[in-house]
Amino acid sequence: MTNRTDYCGTLTTADVGRSVTVCGWVSKRREHGEHLAFVDLRDHTGIVQCVVDKARDLRSEYVLAITGIVRERPDDTINAALATGAIEIGDATVEVLSVAEPPPFQIDSRVDVDETIRIRHRYLDLRNKRMQSNLRTRAKVNSAIRNGMESEGFVEVETPMLIASTPEGARDFVVPSRLKPGSFYALPQSPQLFKQLCMVGGIDRYFQIARCMRDEDLRADRQFEFSQLDMEMSFADGDDVRAAVSEAVALATEAVTGSRPTEFPEMSWHDAMNRFGSDKPDVRFAMELAELTDLFSDTGFKAFQAPCIKGICMKGAADELGRNKLDNLTDAAKRWGAKGLVWLKVGEDGEVTSPVAKFMSESEIAGVLERLGAETGDVCFLVADGWRKTVHILGLLRIELGRPAVTEGGLNFLWVVDFPLFEDVDEAGNPVPAHHPFTMPHADDVELLAAAGSDPQRLLDVRSQAYDLVLNGWELGSGSVRIHRGDIQQQIFDLLGISEEEAQRKFGFLLDAFRFGAPPHAGFAFGIDRLVALLCGEENIREVIAFPKTQSGGDPLTNAPTPIDDAQLDELGLRVLPQPE
Ligand code: ASP
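Residues numbered from 1 in each chain as written. Predicted model: local features only at pLDDT ≥ 70, side-chain atom pairs only at ≥ 80, totals over all residues. Heavy atoms only, no water.

Draft legend 1. Spatial organisation of the pattern of salt bridges. Per the counting criterion, the structure on display carries 44 salt bridges. One salt bridge in this structure joins Glu-88 and Arg-71, with 3.0 Å as the shortest N-O distance. Taken together, the residues Glu-88 in strand S5 (residues 87–98) and Arg-71 in strand S4 (residues 63–72) connect sequence positions 17 residues apart. Its relative accessible area of 32% is what places Arg-71 among the partly exposed residues. Notably, a salt bridge pairs Lys-506 with Glu-502, separated by 2.8 Å at the nearest N-O pair. Taken as a pair, Lys-506 and Glu-502 lie in helix H13 (residues 500–514) at a separation of four residues, close to a single helical turn. Lys-506 sits in the partly exposed class, given a relative accessible area of 38%. Taken together, the shared-partner salt bridges connect Glu-115, Arg-118, Arg-122, Asp-125, Arg-130, Glu-538, Arg-542 and Glu-543 into one network. (Salt bridge = Lys/Arg side-chain N within 4 Å of Asp/Glu carboxyl O. Helix = DSSP H or I, 4+ residues; strand = E, 2+ residues; numbered from the N terminus. Buried < 20%, exposed > 50% of the residue type's maximum accessible area, 1.4 Å probe, protein only.)

This is the structure we're talking about:
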């Protein structure tokens, strides 16, 4: 084999005079006079220019070993944009290790390449600098997390992939059983139940960089398969978990950016919703929701005779937001569930233009401007409805109008705590849990839980000991203090309408285990793909996954998913029904 002495991208003027051998792929070839050609050779560290014999047939993506002497480039050919731009490898001898067909797209520039083609030839896409850097960043993050967790006394335990269903609420991927035809394993949506069993088993501090599978529609921040830092600790509460996770995240961030984030502030779910209209507030920018309800307590404006009125102000947007754009925003607000969207533009001398100005009194308008701090050139948006709907709509509008680009505004970690225990009430009148059913109610609300009986309105006020970690408006992950007491667990199952038979069937093994001495415990899991994407300044987690699926859930590289043959179906006791046209 060739004796590589150096990587392409690492050679500098300090190496001038050395005889080196570099290996890699031909990035570019340019003719140079009568006898010579320049070949840019690429490996994962970068590119180096080599001067070769023109007669050699060296095409794009050929794999070469080039041996030669490092020399300074003539002044007029120095390329300051390239790390190796001041040198070249001269007197080069070339060994062709592999020839290559012309690639279906330019490796070194990613513009205008159809994503399906890129993923079909992902091995070529991986040669690109951006993918190289993203995957190496990902590896750094994994390694920093692992080191961090281990140094805090966490033990890595692998949990099974073929399991019974987990209670994360998404659709399962299932695997048919050959030995028990007609029965199915589920692939884990998370190691939730196993990590809790580890606590009963005395592991004390568990972690795992766990692959999880959820059959949900794919989005920019969601793939079928993803990796979580999954952790659980015994004799610990939410504060302990948040401290341990913050430490791991800080280490991972430091490993990538070189600076350690020190701020992991906490905000209650109620404050997050009230101030930012979101349970994953992007706090890189202000544009907070202002309370306006009291200003309209005696209003004659029908639309504002509502339980909650709030507004946001976009600074200096009056010129940019013409009538068309304002109509589009109103339509969007209606799609999000608003009855309407009121806007007010502040002109010269504080003069206000709005289609509904005539329905509002002077003092109401003055009050709105004052609360929102609105001045000449600003645009105010107001929504009136129930509290949940009002904050939800303004929260979406705030993001639509104000969200900075992914690479801007730094890294703003935020713990959102005290989530409600129930997120809604379903048609059958049962409260819908906001997290999985093992989430401990807030210590101060246990009595309220008992007193609320099955009154949905009061139940919605019960807080839980669940918390999320948010980064720049992305939910990185969530966790909670778990219920380890049978009586509270029973109360929750009763409220959720989960019968004893169902509880036994779904989680019987966990409930059984809890009868044999369960320590108080709490845990968390966060998405590594999302953290890495944000650290890499990527909008889509596909860019930090070596072999992702496309938006439609397929893998154009391997063609998965594919039909299986009849013999395999027979063995599994399966028949595939004809698909409807
Ligand atoms: N199992 C949860 C999830 O994957 C996280 C946790 O509660 O630890 O979302």
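Draft legend 2. Highlighting the pairing of strand S21 (residues 474–481). Extensive coverage of S21 is indicated by the burial of six of its eight residues. Once strand S20 (residues 466–471) ends, the chain turns through two residues before running back antiparallel as S21, passing Asn-472 with a positive phi of about 50 degrees. (Pairing = 2+ DSSP bridges.)

Draft legend 3. Here's a closer look at the environment of Ile-528. Position of Ile-528 among the secondary structure elements: in helix H14 (residues 528–536). Spatially, the C-alpha atom of Ile-528 lies 34 Å from that of Gln-490, the residues being 38 residues apart in sequence. Leave out the neighbours within four places in its chain, and Ile-528 touches Val-141, Asn-142, Ile-145, Ile-209, Ser-227, Gln-228 and Leu-229. (Contact = heavy atoms within 4.5 Å.)

Draft legend 4. Quick peek at helix H9 (residues 387–402). With 16 residues, H9 extends 22 Å between its outermost C-alpha atoms, agreeing within 8% with the 22 Å of an ideal straight helix rising 1.5 Å per residue. What H9 keeps buried is the set Thr-390, Val-391, Ile-393, Leu-394, Gly-395, Leu-397, Arg-398, Leu-401 and Gly-402. (Expected span 1.5 Å × (residues − 1).)

Draft legend 5. Representation of the side chain of Arg-73 in the model. With respect to the helices and strands, the residue Arg-73 is situated in the loop between S4 and S5. As a buried residue without a salt bridge, Arg-73 has its nearest oppositely charged side chain in Glu-88, at a separation of 4.6 Å. For Arg-73, the side chain forms a polar contact with the main-chain oxygen of Thr-77, separated by 3.0 Å. Of the polar contacts made by the side chain of Arg-73, one reaches the backbone oxygen of Ile-87; its length is 2.8 Å. When residues no more than four places from it in sequence are discounted, the contact partners of Arg-73 are Gln-49, Ile-78, Asn-79, Leu-82, Thr-84, Gly-85, Ala-86, Ile-87 and Glu-88. (Lys, Arg positive; Asp, Glu negative; His and termini not counted. Polar contact = N/O pair within 3.5 Å; in protein donor to acceptor, adjacent residues only side chain to side chain.)

Draft legend 6. Representation of unusual backbone geometry. Cis geometry is adopted by the peptide bond preceding Pro-561, which originates at Ala-560 and carries an omega value of 0 degrees. Assignment of secondary structure puts Pro-561 in the loop between H14 and helix H15 (566–572). Here Asp-418, not a glycine, exhibits a phi torsion of approximately 60 degrees, which is positive. For Asp-418, the location among the structural elements is in the loop between strand S17 (413–417) and strand S18 (422–425).

Draft legend 7. Inspection of the site of the ligand at higher detail. Around the ligand sit 13 residues, and of these Glu-168, Gln-192, Lys-195, Arg-214 and Arg-482 come closest. Between the ligand and Lys-195 there is a distance of 2.6 Å, counted from an oxygen atom to a side-chain nitrogen or oxygen. Take His-435: an N or O atom from its side chain is 3.4 Å from an oxygen atom of the ligand. Here the ligand has 270 Å² of accessible area as a free molecule, and 95% of this is covered by the chains. Residue composition of the shell around the ligand, grouped by class: two nonpolar, seven polar and four charged. (Near = heavy atom within 4 Å. Areas by Shrake-Rupley, 256 points an atom, 1.4 Å probe, with all protein chains shown as cover. Nonpolar A, V, L, I, M, F, W, Y, C, P; charged D, E, K, R; others polar.)

Draft legend 8. Layout of the environment of Phe-285. Within the fold, Phe-285 resides in the loop between helix H6 (269–276) and strand S12 (290–291). Note on Phe-285: relative accessible area 13%, which makes it buried. Remark: the alpha-carbon pair of Phe-285 and Leu-329, spanning 44 residues in sequence, is separated by 20 Å. Residues contacting Phe-285, with those up to four places away along its chain left out, are Phe-276, Arg-398, Ile-399, Gly-402, Arg-403 and Pro-404.

Draft legend 9. Region of interest: the nonpolar core. Judged by nonpolar contacts, the single largest core of 64 residues is most densely connected at Ile-145, Met-231, Val-245, Phe-524, Phe-526 and Leu-531. Among the elements that make up this core, the one with the highest residue count is helix H5 (residues 238–257) (seven residues). With residues near it in sequence (within four places) discarded, Ile-145 still touches Ile-209, Leu-229, Ala-248, Ala-252, Phe-526 and Ile-528. Listed in part, the 32 residues of the second largest apolar core include Leu-289, Leu-326, Ala-338 and Leu-341. (Core = buried A, V, L, I, M, F, W, Y, C linked by side-chain atoms within 4.5 Å.)

Draft legend 10. Summary view of the packing of helix H3 (residues 129–151) against H14. H14 packs onto H3 with a crossing angle of 125 degrees between their chain directions and a minimal axis gap of 10 Å. Considered as vectors, H3 and H14 are oriented oblique to each other. Crossing of H3 against H14: the hand is right-handed. Two secondary-structure elements touch here, H3 through Asn-134, Thr-137, Arg-138, Val-141, Asn-142 and Ile-145 and H14 through Ile-528, Asp-529, Leu-531, Val-532, Leu-535 and Cys-536. When the residues that make up the contact of H3 with H14 are grouped by side-chain class, the tally is seven nonpolar, three polar and two charged. (Axes fitted to C-alpha atoms, helices over the stretch in contact; angles between N-to-C directions. Parallel < 35°, antiparallel > 145°, perpendicular 65-115°, else oblique. Left-handed = near helix turned anticlockwise from the far one by under 90°.)

Draft legend 11. Geometry of a negative patch on the surface. Together, Glu-423, Asp-424, Asp-426 and Glu-427 line one region of the surface with negative charge. Positionally, Glu-427 belongs in the loop between S18 and strand S19 (431–433). In this structure Glu-427 comes out as exposed when scored by relative accessible area, which is 88%. (Patch = residues over 30% accessible without salt bridge, like charges linked within 9 Å, V, L, I, M, F, W, Y side chains within 5 Å. Charge placed at Lys NZ, Arg CZ, Asp CG, Glu CD.)

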